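# Breakdown of the fold
One letter stands for each residue in the lines below.
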Amino acid sequence: MTIRAILTYPDPALRRETDTVAIFDTALQQLVNDMAETMYDAPGIGLAACQIGVSRQVIVVDLSEKKGQRNFMPLINPKIIDKEGHQIDEEGCLSVPELTSKVKRFKRIVVSYQDIEGRPAEISAEDRFAVVLQHEIDHLHGILFIDHLSSLKRRLYKKKVRKMLSHEASPL
Ligand code: ZN
């Protein structure tokens, strides 16, 4: 298992529509393991493949309560097939450093996906779990949580990033 570099905004790879997975082989297993390792190292509770530069419909999530216990779940080709209600919760993203904000999401969702062996499955999620799944599935379509914010908040963040990047580029 390898910890991979996480791409950050405004990397264009985060904005691409990702490809459906058709082949369920050891390379996919390897990708999922690397994603989990990268997520735990960050640390985060969810990661999409495009965040490490792989343009495929693969996400991993781990919402287990106990610290230090690894119980991650890979979802291949996940799709929201049903949704209900609304909730507002604080979100952050490993690819959007130094920002958290309240985002409006569906309260309950049903997601269809394939497991690591390609078997079709469905999962119902609500509350925080539903938030994480919606956030990660957004990534697969090039959507970041900042896209759900007001244009003012988004503008302020873009300004901050430009400032951070110009600091990185300039010598001391
Ligand atoms: Zn994210």
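Everything in this summary refers to the structure shown in the same document. Position labels on residues start from 1 in each chain and follow its written sequence. With pLDDT at 70 or above as the cut-off, local features in this predicted model cover only qualifying residues; side-chain atom pairs require 80 or more to be listed or tallied, and sums for whole chains, interfaces and linings still use all residues. Heavy atoms throughout the structure, all of them, feed into the side-chain values; hydrogens and water do not.

## Comments concerning the pattern of salt bridges
Criterion for a salt bridge: a side-chain nitrogen of Lys or Arg within 4 Å of a carboxyl oxygen of Asp or Glu. In the structure shown here, the tally under the stated rule is 12 salt bridges. Between K102 and E90 there is a salt bridge, and its shortest N-O distance comes to 3.3 Å. Placement of K102 in strand β4 (residues 96–114) and of E90 in strand β3 (residues 73–93) is noted, with a sequence separation of 12 residues between them. Buried means the residue's accessible area, taken with a 1.4 Å probe over protein chains only, is under 20% of the maximum for its type, while exposed means over 50%, and partly exposed covers the values in between. Residue classification places K102 among the exposed positions, given a relative accessible area of 54%. In this structure, the salt-bridge partner of E91 is R105, at a minimum N-O distance of 2.8 Å. In this pair, E91 sits in strand β3 while R105 sits in strand β4, placing the two residues 14 residues apart along the sequence. Residue class for E91 comes out buried when judged on its relative accessible area of 3%. Within the structure, one salt-bridge network assembled from shared partners comprises E84, R108 and E126. For the purposes of this entry, the term helix denotes a DSSP run of H or I that reaches at least four residues, the term strand denotes a run of E that reaches at least two, and both are numbered from the N terminus.

## A look at a positive patch on the surface
A grouping of K158, K159, R162 and K163 is seen on the molecular surface, where their side chains present a positively charged patch. With respect to the helices and strands, K163 occurs in helix α3 (residues 151–169). Patch membership requires over 30% relative accessible area and the absence of a salt bridge. Like charges are linked within 9 Å, and nonpolar side chains (Val, Leu, Ile, Met, Phe, Trp, Tyr) within 5 Å. A 1.4 Å probe and the Shrake-Rupley method give the accessible areas. Residues count as covered only by the protein chains that appear here. The charge count includes Lys and Arg as positive and Asp and Glu as negative, but it does not include His or the ends of the chains. A single reference atom marks each charge: NZ on Lys, CZ on Arg, CG on Asp, CD on Glu.

## Thoughts on the coordination of the zinc ion
The protein atoms that coordinate the zinc ion are C93 (SG), H135 (NE2) and H139 (NE2), at distances of 2.0 to 2.2 Å. Only nitrogen, oxygen and sulfur atoms qualify as donors, and only when within 2.8 Å of the metal (3.2 Å in the case of Na, K and Ca); with water excluded, sites may look incomplete. Of note, the donors binding the zinc ion are all from one chain and are spaced C-x41-H-x3-H. With C93 in strand β3 and H139 in helix α2 (residues 127–140), this pair connects stretches of sequence that are 46 residues apart. H139 carries the same exposure label as C93, and that label is buried.

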